[in-house]
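Residue-level structure breakdown
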Amino acid sequence: MRPFPWLMALGLFRFGAAFSTATGSSNIATRNHNLVSPDQRAEGSLESTEWRQYCPGCRRPLPQCLCDHLPASRIRLDTDVLVLQHPVEFRRKTISTVPLLKLVLEQCRVMVGRSFDVELEGILDEACSEGRVPLVLFPGPNAVTLEDADAMEKISHDVEVQSSSGQQSKYLLIIVDGTWTQAKRMLRNSPALLERCQAVQFTGTNERSMYDSIRKQPDTHCLSTLESCERTLRLLEPNNPQVEEASRHLLVSLRAMILTQMRYERRHLEENPELVRNVSKLRAKAERQQQLLNSTGEVDATLNERVLPKEYTLRPLTESDATYVDSRWPYQSKKSLVMIQKQIVADTSNATKFGRSTCLGVESDGQLVACIIRHRNGSIGILHVDEEHRRFGLGGLLLQEAMDALMSRGEDTFAFIVDGNKASEALFSKLGWEKANPLGKKGTGKRRAKRLWLYRMK
């Protein structure tokens, strides 16, 4: 199999924004000076200073703690790992995968900079004195493909150290963390990497990187730094049970970090919708995130968390709620109550199968104050919020939750809105819906028609 040229120990990332930043020091809290005036800082006043709490274990913000997904103690392997990280990647602490390597692997070091020739000489001398073969994970025509049958023989050829007879070779694995352009410059500025280390690579994969769901990769076969390191370690130490344990913790912690970031990105945009600049990119990102969830056959509960005022609760509708829904529907009739009851019962059955409901309500003080259902024809409808509970984002929350439930099932997402219902049109448009026929003639008075609206992932 021909190796792909982009095997990403090089975090080939084009965009992505961290909504919170972690600290690389041992501090457990960080002061936000933007919230303090210069006079207060000069006086050393702490009364008006906000502190951000960090977990002492994983060094991440407390709401994004990953300790539950990390091993009780760091895992020791035969291979030492050295990550050469570009300063730009170092600043992306909360969404960088490199800190997870240090939290899982005992023998993992990280150096930050643009050139490393002086520091590398001492590290490589030490590795050779310990009998370790220095490797750099970097694709190219002279790189050894680790899946090849004679890969280990090629690695030991023309390097400064040979493993003892009868013993398995030990390695120093060097990984460059940066974009493709940054990585090439780092290698050019650090000639010892290719002069004294054997370049290695692995063959491409058709599986999309899970990290692509929060930071766009240049191509489908590109992997994050952590994923590349994990795969390389399995190829270097195929018979080491410790590698299997490390691999499991690396991927589990990466997935937990991604899901946490997905949740906080969504919450941030729900609180600040004016920050959305490129709707098509946002839709594409949402589609990648949904593909991640679908690929594992589960829907992560963290994505269902919505920002609600404390007095409100989001929950699935029950059959007894049909009376409330029917009373709020402008097209109420003698048969509508029975129809709504049947839809809620059917949705309850589907929720048991798929794990998500499309007939939803918001209650306050034990009373329903908002609702949405899915009609028998599959369309979303009867989106209603009681007058005194409007302006709290309840309508958008219900619509978004129903949309997510349908998309998680892979079903069509559509609705019908009567001409002139400007409130509904504005809300649906805000969440990315479009008229199926925007040029259709609008009706007025009794001639108003229900227009088909669609949500298309782009």
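Residue positions are counted from 1 within each chain, in the order its sequence is given. Whole-chain, interface and lining totals are the exception, using all residues; otherwise, since this is a predicted model, local features are given only for residues with pLDDT of at least 70 and side-chain atom pairs are given and counted only at 80 or more. Excluded from the side-chain calculation are hydrogens and water; included are all heavy atoms of the structure.

**Remarks on the overall build of the chain**
Inclusion rule: Under the DSSP-based scheme used, a helix requires at least four consecutive residues in state H or I and a strand at least two consecutive residues in state E, with every element numbered from the N terminus. Only protein chains enter the area calculation, which uses a 1.4 Å probe; residues under 20% of their type maximum are buried, those over 50% are exposed, and those in between are partly exposed. Contact definition: two residues touch when any of their heavy atoms are within 4.5 Å. Residue exposure ignores everything except the shown protein chains as possible cover, and the areas themselves are Shrake-Rupley values with a 1.4 Å probe.
When helices and strands are counted, the chain shows 14 helices and 15 strands. The proportion of buried residues among the 458 residues of the chain is 48%. Sequence separation of 24 or more characterises 75% of the internal contacts of the chain that already satisfy a separation of 6 or more. In the structure as shown, the chain presents an accessible area of about 23400 Å², 48% of it carried by carbon and sulfur atoms.

**Considering the pattern of salt bridges**
Our working definition: Think of a salt bridge as a Lys or Arg side-chain nitrogen and an Asp or Glu carboxyl oxygen that are within 4 Å of each other.
Evaluation of the coordinates by the stated rule reveals 17 salt bridges. When the shortest N-O distance is used, the salt bridge between Arg315 and Asp321 registers 2.9 Å. By relative accessible area, which is 9% here, Asp321 ends up buried. Its salt-bridge partner being Glu401, residue Arg356 comes within 3.4 Å of it at the nearest N-O pair. Here the residue Arg356 occupies a position in the loop between helix H12 (336-354) and strand S10 (360-364), and Glu401 occupies one in helix H13 (residues 394-409), the gap between them amounting to 45 residues. Considered together, Arg356 and Glu401 belong to a single accessibility category, that of buried residues. Through salt bridges that share partners, Asp80, Glu130 and Arg132 make up one connected network.

**Observations concerning the packing of aromatic side chains**
Note the following rule: Any pair of Phe, Tyr and Trp rings, taking the six-membered ring for Trp, is counted once the centres come within 6.5 Å. Such a pair is stacked with planes under 30 degrees apart, edge-to-face with planes over 60 apart, and tilted for the rest.
According to the stated counting rule, one finds four aromatic pairs in the structure shown. Residues Phe414 and Phe416 carry aromatic rings whose centres are separated by 6.1 Å and whose planes lie at 90 degrees to one another, so their mutual orientation is edge-to-face. Residue Phe414 is classed as buried on the basis of its relative accessible area of 17%. Given a relative accessible area of 38%, Phe416 falls into the partly exposed group. Seen from their ring centres, Phe428 and Trp433 are 4.9 Å apart, and the 75 degrees between their planes marks the pair as edge-to-face. Phe428 gets classed as buried once you look at its relative accessible area, which sits at 4%.

**Quick word on the confidence of the model for the chain**
Operational definition: Note: pLDDT gives the predictor's confidence per residue, expressed from 0 to 100.
Per-residue confidence for the chain averages 78 on the pLDDT scale, and 76% of its residues sit at or above 70. pLDDT under 50 marks residues 162-166. Its contacts with residues more than four places away, or in other chains, come to two contacts. The low-confidence segment residues 297-306, where pLDDT is below 50, has 23 contacts with residues more than four positions distant or belonging to other chains.

**Some thoughts on helix H9 (residues 241-271)**
Let me state the cut-off plainly: Expected span, for any helix, means 1.5 Å times one less than how many residues it has. Pairs of N or O atoms within 3.5 Å make up the polar contacts considered here, provided that, within protein, one atom can donate a hydrogen while the other can accept it, and that residues adjacent in sequence are counted only when both atoms are side-chain atoms.
Helix length check: H9, at 31 residues, gives a terminal C-alpha distance of 46 Å against a target of 45 Å (1.5 Å per residue), a fit within 8%. The backbone nitrogen of Gln242 has a side-chain oxygen 3.0 Å away, supplied by the residue at the start of H9, namely Asn240.

**Remarks on the pairing of strand S11 (residues 367-374)**
Just so we agree on the cut-off: Pairing between two strands is assigned when DSSP locates at least 2 bridges connecting them.
Among the eight residues in S11, seven count as buried, and that is most of the element. Pairing geometry for S10 and S11, over five bridges, is antiparallel. If you follow Leu360 over to S11, its bridge partner there is Ile372. Hairpin connection between S10 and S11: a loop of two residues separates the two successive antiparallel strands, and Asp365 in this loop has a positive phi of roughly 55 degrees. Between S11 and strand S12 (residues 380-385), which pair antiparallel in sequence order, lie five residues; one of them, Gly378, sits at a positive phi of approximately 95 degrees.

**Some thoughts on the packing of helix H8 (residues 225-236) against H9**
Note the following rule: Whenever a helix is involved, its axis is fitted only over the stretch in contact; in every case the axis is a line through C-alpha atoms, and angles between N-to-C directions fall within 0 to 180 degrees. Note on angle classes: values under 35 degrees are labelled roughly parallel, values over 145 roughly antiparallel, values of 65 to 115 roughly perpendicular, and the remainder oblique. Should the near helix be turned anticlockwise from the far one by less than a right angle, the crossing is termed left-handed; should it be turned clockwise, right-handed. Three classes are used, and their members are as follows: Ala, Val, Leu, Ile, Met, Phe, Trp, Tyr, Cys and Pro are nonpolar, Asp, Glu, Lys and Arg are charged, and the others, Gly among them, are polar.
At a closest axis distance of 10 Å, the pairing of H8 and H9 adopts a crossing angle of 165 degrees. Judged by the inter-axis angle, H8 sits roughly antiparallel to H9. H8 and H9 meet at a crossing whose hand is left-handed. Here Leu226, Glu227, Glu230, Leu233 and Arg234 of H8 come into contact with H9, specifically with Val243, Glu244, Ser247, Leu250, Leu251 and Leu254. Of the residues that constitute the contact of H8 with H9, the class distribution is six nonpolar, one polar and four charged.

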